[in-house]
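# Observations on chain architecture
The chain contents come next:
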Amino acid sequence: SYSPIGTHAEEGGECTNLEDWAVAAGRLVVEGPQLGQEVSCFVGQRCSIHNIEGVGLQAGDRLMVLAECGAGVSVPGFPGNGIAETQDGRDFEFLAGGGVSSVDVLSSVAGVFRLCFCRPEDDPVNCGGSSTFAALVGLMN
């Protein structure tokens, strides 16, 4: 979390010096997964993503496996079009049909891909395409 600060400069002042920004204005918490995480799955095996760490992760948050976060299409061969969802804010299961699948066999080519984050904000459609998964979490290999 961060502590935003406000200015106490006189009315009409420019607030150009660090000393002008010395009044605490509240607390800012930036929620989401921590950067730099790595997960592995094996071709021909069930694939799920466990122990994602972050701040304020919650049920419904989603990850997507992409070549580049925020662009392109899902990597072929990942269950659920490469989209995984969490129910507990830590472990993610790939989607199948209308919900979370219990059988998620990986059939993609071997490689290193990016794991990207999206919070649906009460509307799962918001996290339905690659452009909404712009935040890099780490690597999937």
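The model shown is predicted, which means the values in this text are computed figures rather than measured ones. (Residues numbered from 1 in each chain as written. Predicted model: local features only at pLDDT ≥ 70, side-chain atom pairs only at ≥ 80, totals over all residues. Heavy atoms only, no water.)

## Points about the confidence of the model for the protein
- Averaged over the protein, the pLDDT score is 84; the fraction of residues at 70 or greater is 80%.
- Across the protein, the secondary-structure element scoring lowest on mean pLDDT is strand β10 (residues 99-100), at 48, and the one scoring highest is strand β4 (residues 37-39), at 97.
- Overall, residues 98-102 carries pLDDT values under 50, and its contacts beyond four positions in sequence, including any with other chains, amount to 10 contacts. (pLDDT = per-residue confidence, 0-100. Helix = DSSP H or I, 4+ residues; strand = E, 2+ residues; numbered from the N terminus. Contact = heavy atoms within 4.5 Å.)

## So, the environment of G72
- In this structure, G72 sits in the loop between β7 (62-66) and β8 (83-86).
- Of the residues examined, G72 reaches a relative accessible area of 54% and is grouped as exposed.
- Separated by 58 residues in the primary sequence, G72 and S130 place their C-alpha atoms 6.4 Å from one another. (Buried < 20%, exposed > 50% of the residue type's maximum accessible area, 1.4 Å probe, protein only.)

## Let's talk about the pattern of salt bridges
- The tally for this structure, following the rule as stated, stands at 4 salt bridges.
- In this structure, the salt-bridge partner of R119 is E31, at a minimum N-O distance of 2.7 Å. Of this pair, R119 sits in the loop between β11 (113-118) and β12 (135-140) while E31 sits in the loop between β2 (23-24) and β3 (32-33), placing them 88 residues apart in sequence.
- With a shortest N-O distance of 2.8 Å, R62 and E85 are connected by a salt bridge. Placement of the pair is R62 in strand β7 and E85 in strand β8, with a sequence separation of 23 residues.
- On the accessibility criterion, R62 (10% relative accessible area) is buried.
- Counted as one network, the salt bridges with shared partners bring together E31, D61 and R119. (Salt bridge = Lys/Arg side-chain N within 4 Å of Asp/Glu carboxyl O.)

## Let's talk about unusual backbone geometry
- Notably, N51 is not glycine yet its phi reads approximately 60°, a positive angle.
- Assessed through its relative accessible area of 45%, N51 is described here as partly exposed.
- Even without being glycine, N81 reaches a positive phi, approximately 55°.
- Along the chain, the position of N81 falls in the loop between β7 and β8.
- Assessed through its relative accessible area of 57%, N81 is described here as exposed.

## Remarks on the nonpolar core
- If you look at the biggest cluster of nonpolar residues, it comprises 19 residues, and the most contacted ones within it are I49, L115 and M140.
- Elements with a contribution of two residues or more to this core: β7, β9 (92-96), β11 and β12.
- Of the residues forming this core, the biggest block, 3 residues, is contributed by β11.
- Residues contacting M140, with those up to four places away along its chain left out, are V39, S40, C41, C47, I49, V65, F78, F94, G111, V112, F113 and L115.
- One finds M64, L66, I83 and C118 within the second-largest nonpolar core, a separate group that totals 9 residues. (Core = buried A, V, L, I, M, F, W, Y, C linked by side-chain atoms within 4.5 Å.)

## A look at the pairing of β12
- Pairing of β4 with β12, which is carried by 3 bridges, proceeds in the parallel orientation. Residue pairing for β12: E38 is matched across the bridge by L139.
- Here β11 runs beside β12; their pairing, made up of 5 bridges, is antiparallel. Bridging from a neighbouring strand, L115 pairs with G138 of β12. (Pairing = 2+ DSSP bridges.)

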